[in-house]
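Examination of the molecular architecture
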Amino acid sequence: MIGTVLCYVLLPAARLLRALRDAFFTYRKNVLLAKSPSTQIEGVFAATRGRSVPEEQEAFLQQWLEEGEGNLPAGESVPAVRRVSVSLTSDWLEGSELLMTSLSDLNTSPEVIGCADQQHSELNALASSELQDHAVAELARLPSEETVTVAGSAPWAAVVPQTDHQTAGCAGINVEVLNDDPAVLAWSLACDAETVPPVLPAQPIQDAVPFYPVPTEVPYHEILWRDWEDLSVQPLKQVSKNTPLFEFRVMSYNILAQDLVEQGLDLYVHCHPDILDWNYRLPNLLQEIQHWDPDVLCLQEVQENHYWEQLEPTFKEMGFACFYKRRTGTKTDGCAVCYKHSRFQLISLSPIEYFRPGLDVLNRDNVGLVLLLQPVLPEGLDLKAVSPLCVANTHVLFNPRRGDIKLAQVALLLAEIDKIARTTEGSYYPVILCGDLNSVPDSPLYKFIRNGELSYHGMPAWKVSGQEDFSQQLYSRKLLAPLWPSSLGLTDKCQYVTLSQPKKPGRREYSRDFLLQFRFCDVACERPPQLVLLEGVTDAKPDRPADWPKPAAMVKDPDPQPFVPRCSGIIQHGLNLTSVYSHFLPQRGRPEVTTMPMGLGATVDYIFYSAEPVESKAGRRLYKDGALKLLGRLSLLSEDVLLMANGLPNPFCSSDHLCLLASFGLEISSLRES
């Protein structure tokens, strides 16, 4: 509960009693602006240090509280006499300043001292039964919220509290309101004493971390409201009511590893230290996941010891089967994929390590996971009636300057998906790709995933992810073809060599007659430009005999296939992926954001899924739903909304990323080859 200072004003007796009554009934107001321990002002009338309350005033207050107990909602109890609180909204003490201001700072405020000195005599006159009887009559006509203007200071907002609150520390949530709407982040902030850190003593203002939350009148769950968007009813959606669907939810969430918090505290100077504590964040994260109840859960920045000791046991109790891959090297976090074993069965699992010794383009410790899952159908239906589902999860390198590494990591991930999701007929099972790609929408890396092709030769490395603009630097790393050596075993189509070009026995054994076939081919009849011109030696051009076979390049192929040379500087993939989110909020006219590093909003988290390409316009491929249909998604927020909530993390959202959630439907029929 936020302790504040109660000033005595030269107001009519009934007006002052109404203010006292409102102050009492706000002692358990829903304080959603912070879960951190706040300063409590000891004593109802402790306006100045060392100033005692006369006995008649204390007796009058005790009598008033006892009579007011009958007006309390069921289950409430009267607080101690010297612990009444009032909600203050003023120009000289707002939001966080009130949270972080010490008792001595409040006591020395000129407004408080002046107000207290003027009103000692007035309060003595209020201790009569006639005034109390008059106040009871006035209370019945009071509105639920009233602002009492104080001369020489800011207004006081007194709000009658709502019922059915849960309290933990200094936070509360109206459970009745939250349960009425399924789209609100409605997990309770109440935690057991074992999981909530002990309340720390209040800190002086000079030692406190700057913290700028919203006013107390606006709760977090209203600011951070996220709507559920039903996409199955849109005109462009071709979801037939007669087509049975296997429906499931997928969540992607970067939960912010605690080790990374402690290593980069400079990134979270806007947060009070208490809301960064893992014992505080863990219950919030678990309750958020439990509230949205996904069937497939893809997590990034999962700290290894937290996973094995806390997360995996909890997820198993929630019905999940879990798989984890820690980052290589000395890193302590990694990626996890969990799925409800009542909804899916595991077919195959493939962890990926992007680190390759000796390769500068793959010298970082990021990892990924690729799973092939079989949906579990109700009894009486054959499992083969629905296609397997490939789920991939990854966390790509952050460094904005090393786009070459990001691109190589994504290429390795797509090659692994190509191997796992490819059917025996050469098509692909439906794919869902989740992760923190550390790249913004419409960046070259994003376009590569969505459009299936990227020409990268000569591109500045910082431009690949679009996170920051380093164009003003004199020197910047540029991407050169080939991006990775052939020894990696990866083609420019993001396929492993063993799959795209199977070795044939004896293919490297060439006879003399075989090689003579190329004696007069086009390449052999052209002098290399870098060859030194020596008269009579390298200036002669061989003449092709008239009876020489026509060059193969001039023969028209009845079924041509696009050929991309190894050193063309173009990479491709054939998975046909599109994003769940549009990355723009039309109703607000602002871009969506999934994270807010240093107070700047950006989208770096994605859920991509398989779709059928329709056409391409201006280099952008358009899609429609295929066997895997997008049915709905949890809306994202804009930067200005998150700034109102003091960015991320905050007391309501315990990660520096927002969770992504989407609902899909998989056609229940024979396996579609598309």
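Before reading on, note that the structure itself is shown above.
Quick caveat: nothing in here was measured; it's all calculated off a predicted structure. (Residues numbered from 1 in each chain as written. Predicted model: local features only at pLDDT ≥ 70, side-chain atom pairs only at ≥ 80, totals over all residues. Heavy atoms only, no water.)

**Details of the side chain of E312**
Note the threshold: Secondary structure counts use DSSP, requiring at least four H or I residues in a row for a helix and at least two E residues in a row for a strand, with both numbered from the N terminus. Partly exposed describes any residue whose relative accessible area lies between the buried limit of under 20% and the exposed limit of over 50%, with all areas from a 1.4 Å probe on protein chains only and scaled to the type maximum. Note on definitions: a residue-residue contact is assigned when non-hydrogen atoms from the two residues lie within 4.5 Å.
Tracing the chain through its elements places E312 in helix α12 (residues 304–317). Using a relative accessible area of 12% as the deciding quantity, one classes E312 as buried. Discounting residues that sit within four places of it in the chain, E312 has contacts with Y307 and C322.

**Focus: the nonpolar core**
Filter applied, for reference: Working definition of a nonpolar core: buried Ala, Val, Leu, Ile, Met, Phe, Trp, Tyr and Cys residues. They are joined through side-chain atoms within 4.5 Å.
Formed by 70 residues in total, the largest nonpolar core has its most connected members in L224, F248, L299, F315, I432 and F664. Among the elements that line this core, the one with the most residues is helix α11 (residues 278–292), at six residues. Setting aside its immediate chain neighbours within four residues, L299 contacts Y253, I255, I289, F315, G334, C335, A336 and N393. Residues I352, Y354, V410 and L488 belong to the second largest nonpolar core, which totals 47 residues.

**Some words on the sheet that holds strand β8 (residues 320–326)**
We apply this condition: Two strands pair if DSSP finds at least two bridges between them. Only the stretch in contact is used when a helix axis is fitted, and all axes are lines through C-alpha atoms; the angle between N-to-C directions ranges over 0 to 180 degrees.
Pairing within the open sheet is mixed, and its seven strands lie in the order β5-β22-β23-β6-β7-β9-β8. Both edges of this open sheet fall to β5 (228–230) and β8, since each of them pairs with a single strand only. Strand after strand, the sheet turns through a mean of 20 degrees between neighbouring axes, direction not considered. One ladder, built from five bridges, connects strand β22 (residues 628–634) with strand β23 (residues 660–667); its direction is antiparallel. Its bridge partner being in β23, L628 is matched across the sheet by L666. Relative to the sheet, α11 contacts β6 (245–254), β7 (296–303), β22 and β23, its axis offset from that of β6 by approximately 165 degrees. Each of β7, β8 and β9 (333–340) is contacted by α12, which is oriented at about 165 degrees to β8, the strand it contacts most.

**Some thoughts on the pattern of salt bridges**
Basically, it comes down to this: When a carboxyl oxygen of Asp or Glu is within 4 Å of a side-chain nitrogen of Lys or Arg, the pair counts as a salt bridge.
Enumeration according to the criterion identifies 17 salt bridges in this entry. Measuring nitrogen to oxygen at the nearest pair gives 3.7 Å for the salt bridge that ties E312 to K316. Here the residue E312 and the residue K316 both occupy positions in helix α12, the gap between them amounting to four residues, near one helical turn. Across the pair K331 and D365 runs a salt bridge, and its minimum N-O distance is 3.2 Å. One end of the pair, K331, is in the loop between β8 and β9; the other, D365, is in the loop between β10 (344–353) and β11 (367–375), and 34 residues separate them in sequence. D365 sits in the buried class, given a relative accessible area of 17%. What you see here is one network of salt bridges that share partners, running through D360, R402, D404 and R477.

Any functional reading would require information beyond the geometric quantities listed.
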